[in-house]
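Geometric and topological summary
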Amino acid sequence: MKHHYLLSIPLFVVVLMTSSCEPSQQRYNMDWALVQGGDSLAWRAIDYNDEHWEYFWDFEKEPIFWSRMKVVLPPEDLERRNFGLQIVATAAYDAYWDGVYLGTNGRLGTDGCQEEPGTCQWFTPVTDTLLATGEHVLALRCTTAGEDINFHSYFFIDNYFDLIRGPLQISKYMFLLAGGFLITAIYFLLLFAGQPNEYANLIFSIICLGVLGLLMLEHLKHFYQYPYPLQRVRLETIGYLHLALMVLIPMFFVVHFDFKWKFPALLILLLVGGYM
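Reference entry: report on the structure contained in this document. (Residues numbered from 1 in each chain as written. Predicted model: local features only at pLDDT ≥ 70, side-chain atom pairs only at ≥ 80, totals over all residues. Heavy atoms only, no water.)

Description of the packing of helix 3 (residues 199-218) against helix 5 (residues 230-256)
- In contact at an axis separation of 9 Å, helix 3 and helix 5 are set at 155° when each is read in the N-to-C sense. Our classification of the angle between helix 3 and helix 5 gives roughly antiparallel. As for how helix 3 packs across helix 5, the hand of that crossing is left-handed. For the pair helix 3 and helix 5, the contacting residues are Tyr199, Ala200, Ile203, Phe204, Ile206, Ile207, Gly210, Val211, Gly213, Leu214, Leu217 and Glu218 in the first and Arg234, Thr237, Ile238, Leu241, His242, Leu245, Leu248, Ile249, Met251, Phe252, Val255 and His256 in the second.
- Here the residues of the contact of helix 3 with helix 5 sort into 17 nonpolar, five polar and two charged. (Axes fitted to C-alpha atoms, helices over the stretch in contact; angles between N-to-C directions. Helix = DSSP H or I, 4+ residues; strand = E, 2+ residues; numbered from the N terminus. Parallel < 35°, antiparallel > 145°, perpendicular 65-115°, else oblique. Left-handed = near helix turned anticlockwise from the far one by under 90°. Contact = heavy atoms within 4.5 Å. Nonpolar A, V, L, I, M, F, W, Y, C, P; charged D, E, K, R; others polar.)

Looking at the environment of Tyr93
- Position of Tyr93 among the secondary structure elements: in strand 4 (residues 92-97).
- Sequence-wise, Tyr93 and Thr104 are 11 residues apart; in three dimensions their C-alpha atoms are separated by 5.8 Å.
- Apart from the residues within four sequence positions on either side, Tyr93 is in contact with Ile87, Gly103, Thr104, Asn105, Leu108, Trp122, Leu140, Arg141 and Cys142.

Description of the sheet that holds strand 4
- In space, the five strands of this open sheet follow the order 1-2-7-4-5, with antiparallel pairing throughout. This sheet does not close on itself; its edge strands, each paired only once, are strand 1 (34-37) and strand 5 (100-105). Sheet twist, expressed as the average angle between the axes of neighbouring strands with direction ignored, equals 20°.
- Looking at chain direction, strand 1 and strand 2 (residues 65-73) are connected through four bridges and run antiparallel. Bridge pairing links Val35 to Ser67 in strand 2. (Pairing = 2+ DSSP bridges.)

Regarding the sheet that holds strand 8 (residues 153-159)
- The antiparallel open sheet is built from three strands, whose spatial order is 6-3-8. If you trace the sheet from one side to the other, it starts and ends with strand 6 (121-125) and strand 8, each paired once. The mean angle between the axes of side-by-side strands here comes to 20°, regardless of whether they run parallel or antiparallel.
- Bridging between strand 3 (residues 83-89) and strand 8 involves seven bridges; their strand directions are antiparallel. Across the sheet, Leu85 pairs through a bridge with Ile157, a residue of strand 8.
- The sheet contacts of helix 2 (residues 160-194) involve strand 3, strand 6 and strand 8, and relative to strand 8 the element is tilted by about 115°.

Right, here's the structure in full:
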């Protein structure tokens, strides 16, 4: 029955190929986001001097803070139309482009109101009249009500319809791969049910389920706009799945090939996994 594992090799090859071949899009990244605690609408202006702002801030000092990010658009790209922004930030915020209000993601926890967490990603169009040659500033007026939230923010600017369609294009390939791993996991689980002594089948089934979980969590942002407090839970779960696979994959080879020192090797793997 060992030849059954060869059937899954093309599936893993496809994962390696597609994981580094996302559709390339012309996007413009900003410099590192600058952060300042407090609240002043003057901070939204494009000509505001933010040289004294910092890259990190203790958010327990102030219930509200601002983040400023800058980008330069080259003249040749201003011939394009229908620009939009994809903003990624772990906060509820009001967004301003060169001082002009774009919209609100969630509801800020100010003036006695309880914060309503915004989504981790937020899309908004930018009118052509707000785009010109030179530097532009995206300012976010933010609050973070979640406990132990490490704030970070960045954004992309591109054709608005490409921005919102891009994640859906990636998701369709992810669902195909996820379905393949699910079928493979069920297949080897049924093999183990028919041959209870073949523990390698059970381990391989769990490995496929682990890879399935990684695929779903890694691409979750492409098909589900989740609240920003879930970002930390998502990343921690991805880390735990990587750790589990780090232990399970060597364990599969130890059991499948029936190594001479199988039990000491399994014990070492379990100790390493527990230590990590």
